[in-house]
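Inside the fold
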Amino acid sequence: MLNRSALALFCLTGMLSTLTAQDSDSRYEVKLLTVDANEGIAAGDVDGDGKLDLVAGRNWYRGGDWAPRPLRNIADWNGYVESNGDYLFDVNGDGRLDVIAGSFKPTEIHWYENPGKEALRLGKHWPQHLLVDTGNTCNEGQLLQDIDGDGRPEWIVNSWLKDVPTVIWRLVDKPKQEADATTVGKKKGTVDAIYEMKPHQLGEKGNGHGLAVGDISGDGLADLLVGQGWYEQPSENAWGQPWKFHRDWDLHASLPMIVADLDQDGDGDLIFGKGHDYGLLWWQNQGADASGKISWKEHEIDRTYSQPHTLAWSDIDGDGESELITGKRYYGHNGGDPGGKEMPCLYYYDWDAKKQEFQRYTIEEGHVGCGLQIVTTDLNGDKKCDVAVAGKSGTYLLLAK
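Values in this document were obtained by computation on a predicted structure and should not be read as measured data.

**Remarks on the sheet that holds strand β19 (residues 244-246)**
Whenever strands of a sheet pair, they do so through backbone hydrogen bonds, lying parallel or antiparallel. Spatially, β16-β17-β18-β19 is the arrangement adopted by the four strands of the open sheet, whose pairing is antiparallel. The sheet is open, and its two borders are formed by β16 (211-214) and β19, each paired with just one other strand. Each neighbouring strand pair of the sheet contributes to a mean axis angle of 20°, computed without reference to strand direction. In the sheet, strand β17 (residues 223-226) pairs with strand β18 (residues 229-232) via three bridges, with the strands oriented antiparallel. Looking across to β18, one finds that L225 is bridged to W230.

See the structure below:
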């Protein structure tokens with residue numbers, strides 16, 4: 001007779017066998033790239049061979065063989081790797097993509113210099129440089145996204161604390177004399193940043209768990225959404241004044257949330273997950289009153305799994321329309337959230353504008369969960385949209401068949 005532990009192991013083995021059999025009929029080929037607790041990932045051609053690669057925490061993965069190659073060292077903190085997002089950007093203007101990375105508790109933002117073809121071939125680490133010390137801790141995550149429409153992205157940091165300032169950091173050109181001076185004494189072969197980060201505080205209070213960029217006011221300008229409400233971008237002089245804050249909600253929402261005109265009535269609706277609970281929802285924009293306060297009608301998308309902490313909005317099935325991609329952030333809060341220890345899962349949802357409802361499709365169940373970012377792009381050149389995620393269930397590449 002099996003004891004309780006043996007019985008649990010037997011059941012788990014049976015479940016995994018069943019999931020593996022189901023996965024064999026999946027529309028995705030699943031590749032496990034590595035196992036660690038890193039939760040950030042991005043795609044770009046880092047070695048200049050014309051193929052997209054992946055960067056994810058401590059490693060980068062060369063397009064084609066997808067073997068892990070060293071990038072940087074990251075400390076562990078409280079059950080997490082001290083990294084909550086990777087972004088690719090040419091910081092020093094040498095034509096190679098570098099990594100800008102955020103972190104949970106440290107206040108510094110570092111960039112990691114792409115060391116070039118030969119150093120990449122030899123598996124050398126990428127030199128670390130300080131971009132700015134923000135002075136702000138308790139960082140839930142960030143976006144590197146163009147919010148003012150000038151073609152250059154801004155660094156937008158979200159705090160899990162509510163009544164703290166919301167700050168956007170702009171990447172601005174360094175004065176030429178300053179940029180030239182910083183290269184003196186540098187190690188041969190390295191090129192210093194040609195940008196610096198300049199802060200703009202949107203408001204003294206109003207932040208909280210959740211972040212999105214999108215036009216919900218309907219004026220054609222991108223607004224900033226956080227856990228406690230949204231900041232309205234001014235019609236002019238955006239970086240010379242505070243932004244009007246609308247305290248229209250109090251959510252513990254995903255990062256990012258998605259702003260999209262789902263009902264096709266000309267204003268922005270809101271899609272979000274409850275980052276540390278059950279619940280994937282969309283809010284239908286009902287318009288604003290005289291004070292600018294927007295009313296919302298809530299619709300449930302899915303409540304069968306917990307921790308839909310990160311979302312993507314991309315055409316994943318090739319029909320010319322964007323789909324919602326999300327899944328379980330595996331072991332967020334170290335398994336302490338509702339449903340935190342249930343199976344990892346990853347899905348996409350097709351939107352039917354006529355019926356005004358989402359239809360769920362499985363990308364993978366049982367093995368692949370989310371971290372804090374989702375990559376959706378053609379990673380192997382077959383003109384199909386692939387998916388890559390990094391989280392506590394591992395870093396995975398899912399190639400569309």
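Here the narrative resumes, following the displayed structure.
**Considerations on the state of the cysteines**
For the structure shown, the criterion picks out zero disulfides. Between C385, a cysteine without a disulfide, and C370, which holds the nearest cysteine sulfur, the sulfur-to-sulfur distance is 14 Å. Judged by its relative accessible area of 14%, C385 falls in the buried class.

**Focus: the side chain of D86**
Checked against the element boundaries, D86 lands in strand β8 (residues 86-89). According to the relative accessible area criterion, D86 is buried, its value standing at 1%. Within the structure, the side chain of D86 is placed 2.7 Å from the side chain of R72, a separation counted as a polar contact. What D86 contacts, discounting residues up to four positions off in sequence, is G40, I41, A42, V55, A56, G57, R72, V99, I100, A101 and Q373.

**Examining the packing of aromatic side chains**
In this description, an aromatic ring pair is defined by two values, namely the gap between the centres and the angle between the planes. Throughout the structure, instances matching the rule amount to 17 aromatic pairs. For the ring pair F272 and W283, a centre distance of 5.1 Å and an interplane angle of 85° mean the geometry is edge-to-face. Linking F272 in strand β21 (residues 269-273) with W283 in strand β22 (residues 278-288), this pair joins segments that are eleven residues apart in sequence. Judged by relative accessible area, which is 2%, F272 ranks as buried. With 5.3 Å between their ring centres and 45° between their planes, Y305 and Y347 make a pair best called tilted. Linking Y305 in strand β23 (residues 294-306) with Y347 in strand β26 (residues 345-352), this pair joins segments that are 42 residues apart in sequence. Note on accessibility: Y305 and Y347 belong to one class, buried. Grouped by ring-pair contacts, the aromatic residues W249, F272, W283 and W296 constitute a single cluster. Positioned over the ring face of W60 is R69, at 5.6 Å from the centre of the ring.

**Focus on the sheet that holds strand β10 (residues 108-112)**
A sheet is described by the order of its strands in space; here four strands give the open sequence β8-β9-β10-β11, paired in antiparallel fashion. A single partner strand is all that each edge strand has here, and the edge strands are β8 and β11 (128-133). Strand-to-strand twist across the sheet, computed as the mean angle between neighbouring axes with direction ignored, equals 30°. Here β8 runs beside strand β9 (residues 98-101); their pairing, made up of four bridges, is antiparallel. From the neighbouring strand, L88 faces β9, where its bridge partner is V99.

**Details of the confidence of the model for the protein chain**
Any segment with low pLDDT has predicted coordinates that should not be analysed in fine detail. Considering every residue of the protein chain, the mean pLDDT works out to 91; 91% of them sit at 70 or more. Predicted confidence for residues 1-24 stays below pLDDT 50, and this span has twelve contacts to residues more than four positions away or in other chains.

Each value, and the rule that gives it
- Residues numbered from 1 in each chain as written.
- Predicted model: local features only at pLDDT ≥ 70, side-chain atom pairs only at ≥ 80, totals over all residues.
- Heavy atoms only, no water.
- Pairing = 2+ DSSP bridges.
- Helix = DSSP H or I, 4+ residues; strand = E, 2+ residues; numbered from the N terminus.
- Axes fitted to C-alpha atoms, helices over the stretch in contact; angles between N-to-C directions.
- Disulfide = S-S within 2.5 Å.
- Buried < 20%, exposed > 50% of the residue type's maximum accessible area, 1.4 Å probe, protein only.
- Polar contact = N/O pair within 3.5 Å; in protein donor to acceptor, adjacent residues only side chain to side chain.
- Contact = heavy atoms within 4.5 Å.
- Phe/Tyr/Trp six-rings, centres within 6.5 Å; stacked < 30°, edge-to-face > 60°.
- Lys NZ or Arg CZ within 6 Å of the ring centre and 35° of its normal.
- pLDDT = per-residue confidence, 0-100.

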